[in-house]
Amino acid sequence: MFFLMRCFHHPNKDLDRDEHRSAHRAWVQSGGEGRAVVLIGSALLDQAGNAIGNFGILQTRTLQDAKAFAEGDPFNAVGIVATIEITPLPDSFQADRISDPMTARH
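Because the structure is a prediction, the values reported are computed rather than measured.

A.B. asks: How would you sum up helix 1 (residues 14-34)? Please name residues and give values.
C.D. replies: Taking 1.5 Å of rise per residue, 21 residues should cover 30 Å, and helix 1 covers 28 Å from first to last C-alpha, within 8% of that figure. The largest bend along helix 1 reaches roughly 65° and is located at V28. Residues of helix 1 that are buried include every one of R17, H20, H24, W27, V28, G31 and G32, and no others. Elements in contact with the buried residues of helix 1: strand 1 (2-9), strand 2 (37-45), strand 3 (51-59), helix 2 (63-72) and helix 3 (74-77).

A.B. asks: I'd like a description of the nonpolar core, backed by residues and values.
C.D. replies: In this structure, M5, V38, L58, A66, F69 and I86 are the most contacted members of the largest nonpolar core, which totals 15 residues. Of all the secondary structure elements, the ones that give two or more residues to this core are strand 1, helix 1, helix 2 and strand 4 (81-88). Filtering out sequence-adjacent residues up to four positions away, M5 remains in contact with N54, F55, G56, L58, F69, A70, E85 and I86. F2, L39, I57 and A95 belong to the second-largest nonpolar core, a separate cluster that totals six residues.

Parameters at a glance
Residues numbered from 1 in each chain as written. Predicted model: local features only at pLDDT ≥ 70, side-chain atom pairs only at ≥ 80, totals over all residues. Heavy atoms only, no water. Helix = DSSP H or I, 4+ residues; strand = E, 2+ residues; numbered from the N terminus. Expected span 1.5 Å × (residues − 1). Bend = angle between axes of the 7 residues up to and from the residue. Buried < 20%, exposed > 50% of the residue type's maximum accessible area, 1.4 Å probe, protein only. Contact = heavy atoms within 4.5 Å. Core = buried A, V, L, I, M, F, W, Y, C linked by side-chain atoms within 4.5 Å.

If you want it as structure tokens, here you go:
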């Protein structure tokens, strides 16, 4: 199954993001210790170019796995994340068009 994950951050968390970015990236590369494959993701910015969150396209077995991946992210664990949205994508989502996923495919 494929999901769009959007994590919106509390304001004024730039220093916290910088401090925990390497742990966040390790989490993404590990797929949350195997919970998900992160096909693609990046920061979310407001119109002024300020970071307001992050997104990812996830491949998981279940919605619960997608939620566990998002909730286990170090950014969430240290209080950077204010809200998490997980939206299912259709079965017709063309994941094969993403040639270099952020997490190794299973």
